[in-house]
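Overview (structure and organization)
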Amino acid sequence: MTTNYSHVRNDIREYTRELQKMQPDTINAFYTVSKNALKDGVLSEKIKEFIALAIGVSKQCDGCIAFHVKNLKNLGATREELGEVLGMGVYMGGGPSLMHAADALRAFDQLEQNEEPGGVT
């Protein structure tokens, strides 16, 4: 079964908004942590997104793949850069990570095909 990562991202976004209404303090605190963790520092936001993607692959998280691949596309990541990071995810997570690394590459390709004019998807 092929996963459509745009659908995964949109579905999760819908339900995180619902959860945010139910638990605003907790969800807003998570978003604050995310924003601060990804800020450019010694490491760039792009490198931090690559790290997050590799962890998402090794943890076998489809939502992580959907969101971090999209963010990486927006930051100008190339397919070749993605491939190297996915190799590290496979190295750290073994066979199950290989399956999710292949899906992360699929997500990148899906986003290439589904880009709308002006870069909005």
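Here, the structure is the one placed above.
So, here's what we can say about the structure. (Residues numbered from 1 in each chain as written. Predicted model: local features only at pLDDT ≥ 70, side-chain atom pairs only at ≥ 80, totals over all residues. Heavy atoms only, no water.)

Right, let's get into the overall build of the protein chain. The helix and strand tally for the protein chain stands at five helices and zero strands. Starting at the N terminus and ending at the C terminus, the protein chain contains elements arranged as α-α-α-α-α. Radius of gyration (C-alpha) of the protein chain: 15 Å, near the 14 Å computed for a compact globule of 121 residues. With the C-alpha coordinates of the protein chain rotated into their principal frame, the extents come out at 35 × 35 × 30 Å. When each of the 121 residues of the protein chain is scored for burial, the buried share is 31%. (Helix = DSSP H or I, 4+ residues; strand = E, 2+ residues; numbered from the N terminus. Rg over C-alpha atoms; globule rule 2.2 N^0.38 Å. Buried < 20%, exposed > 50% of the residue type's maximum accessible area, 1.4 Å probe, protein only.)

The terminal C-alpha atoms of helix α1 (residues 5–22) lie 26 Å apart, and with 18 residues this matches the ideal 26 Å at 1.5 Å per residue to within 8%. For α1, the full list of buried residues reads Tyr5, Ser6, Val8 and Arg9. Projected down its long axis, α1 carries its buried residues within an arc of 145°, all on one side. In α1, those exposed residues whose orientation departs by more than 90 degrees from the buried face are His7, Tyr15, Lys21 and Met22. Lining the buried residues of α1 we find α4 (62–74) and α5 (79–114). The distance from a side-chain oxygen at the start of α1 to the backbone nitrogen of Ser6 is 3.1 Å, and the residue carrying that oxygen is Asn4. (Expected span 1.5 Å × (residues − 1). Arc of directions from axis to C-beta. Contact = heavy atoms within 4.5 Å. Polar contact = N/O pair within 3.5 Å; in protein donor to acceptor, adjacent residues only side chain to side chain.)

What follows deals with the packing of aromatic side chains. Centre-to-centre distance and the angle between the planes together describe a pair of aromatic rings. Taken as a whole and judged by the stated rule, the model has one aromatic pair. The aromatic ring of Phe108 is capped on one face by Lys73, whose charged end is 4.2 Å from the ring centroid. (Phe/Tyr/Trp six-rings, centres within 6.5 Å; stacked < 30°, edge-to-face > 60°. Lys NZ or Arg CZ within 6 Å of the ring centre and 35° of its normal.)

Here we take up the nonpolar core. Among the nonpolar cores identified, the biggest contains 19 residues, and Leu53, Val57, Ile65, Val69, Leu82, Leu86 and Ala104 are the most heavily contacted of them. Taken together, the elements giving at least two residues each to this core come down to α1, α3 (45–58), α4 and α5. Take this core: its biggest share by element is eight residues, from α5. If we ignore the near neighbours within four places in the chain, the residues touching Val57 are Ile65, Leu86, Ser97, His100, Ala101 and Ala104. (Core = buried A, V, L, I, M, F, W, Y, C linked by side-chain atoms within 4.5 Å.)

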